[in-house]
Amino acid sequence: MRELVADPPVRRGSDYAELSRRIRSAGLLERRPGRYAVRIALTAGFFAVAWAAVVLVGDSWAQVAVAALLAVASTQVAFLGHDAGHRQMFRRRGPSELVGLLAGNLAVGLSYGWWVDKHNRHHANPNHADEDPDVGAGALVWSDEQARATRGVARWLARRQAWLFFPMLLLEGLSLHVASVRAVVGREPGGGFRTPMRHRGVEALLLAAHTVLYAGGLLLVMSPVKALVFVAVHQGLWGLYMGCSFAPNHKGMPMPTAADDLDFLRKQVLTSRNVGGGRVVDAALGGLNHQIEHHLFPNMPRGNLRRARPIVRAYCAERGVPYAEVGLVESYRQALAHLHEVGRPLRDD
């Protein structure tokens, strides 16, 4: 895991510039507002249909199935927020932020400003234990150092984290909501806000509106007990779907440290994993299955990532840079194998 790439080429500094020139000359960085308008309309329609089903089904235990449908729709809306955060849709910041705030804060209850700040730090240093918030020590641990630092319940979880990974994702939705609220209101000891955010007041208002509309809408059409079950199923499956969309991308890939001298191309490619598959996989994972291309060109429209793949893959072969791509099941196997291996020293104690 520590050896990221053997004998890197001498011309490392120019490697990304040359790849970028090829991608740009192929027109793959051009925005596709018409295509995104259709995608936004279809996704919003799907989301609206799911909520219409809530109303039509009414006070029935069939709402459990509707909750699962809404979890899928909510994740697809969240993918739009992701694309907006990278300004894949529009060149101007204003329209991108509008889509991000409506998709994130209002529709799914996820702070757009918090997510953009966190996600940008991830993109800057993917899989870096000290710099990437996605692999910082938390409910799961990603390195031997993090595992050995655990105590109590966290240590018990770390020993078994590969087996508990998918069940723990059922709590990811709740975790995202809590993190969003804390980001909007949380302050440092000195009084300043902990998370930078351009539209804090708007974000707070939209999160409050989401909570009122979500809870109020459910209680208007079903009993409190059924509403609680609906929330548990919807939020649990939403968190599971979100986690399953992001987990294959970096987990189990090399984790560079400050001692690794990597240029931008290698930093992004060596820490990322593509998930092979057709357009069904593209739609299910929101294009995130083309993770290498996405990390190299974050503002590339989602629909162009598949077209960029053969260019990037061929270029990596030219430069001797390993390009990781596996099937969906194998991607989860590798991620779980890494989690299991990290917990091994604790199980051997």
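A brief structural summary. In this text the structure is predicted, and so the values were computed from the model without any measurement. Within each chain, residues carry numbers counting from 1 in the order of the written sequence. Local features in this predicted model are restricted to residues of pLDDT 70 or higher, and side-chain atom pairs are both shown and tallied only at a pLDDT of 80 or more, whereas totals for entire chains, interfaces and linings draw on every residue. Calculation of side-chain values draws on the structure's entire complement of heavy atoms; hydrogens and water are dropped beforehand.

## Examining the overall build of the chain
We count it as follows: Secondary structure is summarised from DSSP: a helix means a run of H or I of at least four residues, a strand means a run of E of at least two, and numbering begins at the N terminus for each. A radius of gyration in this sense is built from C-alpha atoms; the matching globule rule multiplies 2.2 Å by the number of residues raised to 0.38. Burial classes follow relative accessibility: with a 1.4 Å probe on protein chains only, a residue under 20% of its type's maximum area counts as buried, one over 50% as exposed, and anything between as partly exposed. Any pair of residues with heavy atoms lying within 4.5 Å of one another is described as a contacting pair. Residue burial considers only the protein chains on display, and all accessible areas are found by Shrake-Rupley using a 1.4 Å probe. His is not counted, nor are the chain ends, whereas Lys and Arg count as positive and Asp and Glu as negative. Charge placement uses NZ in Lys and CZ in Arg. For Asp and Glu, CG and CD serve respectively.
Looking only at helices and strands, one finds 17 helices and two strands in the chain. Against the 2.2 N^0.38 benchmark of 20 Å for 349 residues, the chain shows a C-alpha radius of gyration of 21 Å, consistent with a compact globule. By its C-alpha atoms, the chain is 65 × 55 × 45 Å across when sized along the principal axes. Out of the 349 residues in the chain, the part that is buried amounts to 48%. Intrachain contacts of the chain at a sequence separation of at least 6 include 71% that bridge at least 24 residues. Summed over all atoms, the accessible surface of the chain reaches about 16,200 Å², with 64% contributed by carbon and sulfur. Separation of charge centres in the chain, based on 41 positive and 29 negative side chains, amounts to 5 Å.

## A closer look at the layout of surface pockets
Rules: Site definitions follow a grid-based scheme: protein atoms alone, a 1 Å grid, a 1.4 Å probe that fits but cannot get out for cavities, and for pockets an open set with protein on both sides within 12 Å along at least five of seven lines, plus lining residues having an atom within 4 Å of a point. Grid points are joined across faces, edges and corners, and a volume is the space filled by probe spheres set on the points.
When its volume is computed, the largest pocket comes out at roughly 1,300 Å³. If you go around the largest pocket, you meet 46 residues; those closest to its centre are Lys118, Asp134, Glu172, Ser175 and Leu176. For the lining of the largest pocket, the secondary-structure elements that each account for two or more residues are helix 3 (63-85), helix 4 (93-108), helix 5 (112-124), helix 8 (161-169), helix 9 (172-185) and helix 11 (224-250). For the lining of the largest pocket, the element with the highest residue contribution is helix 9, accounting for eight residues.

## A few points about the pattern of salt bridges
Operational definition: Criterion for a salt bridge: a side-chain nitrogen of Lys or Arg within 4 Å of a carboxyl oxygen of Asp or Glu.
With the rule as written, the count across this model stands at 18 salt bridges. One salt bridge connects Arg333 with Glu330, and the closest N-O pair in it is separated by 2.9 Å. With Arg333 and Glu330 both in helix 16 (residues 328-342), this residue pair falls three residues apart, about one helical turn. Judged by its relative accessible area of 48%, Arg333 falls in the partly exposed class.

## Focus on helix 15 (residues 305-319)
The line we're drawing: Expected helix span is given by 1.5 Å per residue-to-residue step, counting one fewer step than there are residues.
The terminal C-alpha atoms of helix 15 lie 20 Å apart, and with 15 residues this matches the ideal 21 Å at 1.5 Å per residue to within 8%. Among the residues making up helix 15, those that are buried are Leu305, Ala308, Val312, Tyr315, Cys316 and Arg319. At the exit of helix 15 stands Gly320, carrying a positive phi of roughly 70°.

## Some remarks on the packing of aromatic side chains
We count it as follows: Side-chain rings of Phe, Tyr and Trp, where Trp is taken by its six-membered ring, are said to pair if the distance between their centres is within 6.5 Å; with planes under 30 degrees apart they count as stacked, over 60 as edge-to-face, and otherwise as tilted. A positively charged side chain is recorded as over a ring if its NZ (Lys) or CZ (Arg) lies within 6 Å of the ring centre. The angle to the ring normal must also be within 35 degrees.
Enumeration according to the criterion identifies six aromatic pairs in this entry. On the basis of an interplanar angle of 85° and a centroid distance of 5.9 Å, the ring pair of Trp51 and Tyr214 is categorised as edge-to-face. One end of the pair, Trp51, is in helix 2 (residues 33-57); the other, Tyr214, is in helix 10 (residues 200-221), with 163 residues separating them in the sequence. Judged by relative accessible area, Trp51 falls into the partly exposed class, the value being 21%. Both rings, one in Phe79 and one in Tyr241, keep their centres 6.2 Å apart while their planes meet at 90°; by these two values the pair is edge-to-face. Taken as a pair, Phe79 in helix 3 and Tyr241 in helix 11 lie far apart in primary sequence, 162 residues in all. Classification of Phe79 by relative accessible area gives buried; the value is 2%. Ring-pair connections join several aromatic residues into one group, and the members of that group are Tyr16, Phe264 and Phe297. Cation over ring: Arg187 sits above Phe193, and NZ or CZ is 3.9 Å from the ring centre.

## Focus: the packing of helix 3 against helix 4
How two helices sit against one another is set out by the angle between their axes and by the gap between those axes. Stated precisely, the cut-off is as follows: Only C-alpha atoms enter the line fits that serve as axes; for helices the fit covers just the stretch in contact. Angles between N-to-C directions range over 0 to 180 degrees. Here the word oblique covers every angle except those under 35 degrees (roughly parallel), over 145 (roughly antiparallel) and from 65 to 115 (roughly perpendicular). By convention the crossing between two helices is left-handed if the near helix lies anticlockwise of the far one by an angle smaller than a right angle, and right-handed if it lies clockwise. As a working rule, the residues Ala, Val, Leu, Ile, Met, Phe, Trp, Tyr, Cys and Pro are called nonpolar, Asp, Glu, Lys and Arg charged, and the rest polar, with Gly in that last group.
The N-to-C vectors of helix 3 and helix 4 enclose an angle of 150°; their axes lie 8 Å apart at closest approach. Classified by the angle their axes make, helix 3 and helix 4 are roughly antiparallel. Viewed along their axes, helix 3 and helix 4 form a crossing whose handedness is left-handed. Two secondary-structure elements touch here, helix 3 through Ser74, Val77, Leu80, Gly81 and Ala84 and helix 4 through Ser96, Val99, Gly100, Ala103, Ala107 and Val108. Looking at side-chain class alone, the contact of helix 3 with helix 4 contains seven nonpolar, four polar and no charged residues.

## Section: the environment of Arg198
The condition that has to hold: Distance and chemistry together define a polar contact, namely a pair of N or O atoms within 3.5 Å, with one atom able to donate a hydrogen and the other to accept it when in protein, and with adjacent residues in sequence counting only for side-chain atoms on both sides.
In this fold, Arg198 is placed in the loop between helix 9 and helix 10. Expressed as a C-alpha distance, the spacing of Arg198 and Tyr112, which sit 86 residues apart in the sequence, is 9.9 Å. Other than its neighbours up to four places away in sequence, Arg198 contacts Arg93 and Glu97. Within the structure, the side chain of Arg198 is placed 2.8 Å from the side chain of Glu97, a separation counted as a polar contact.

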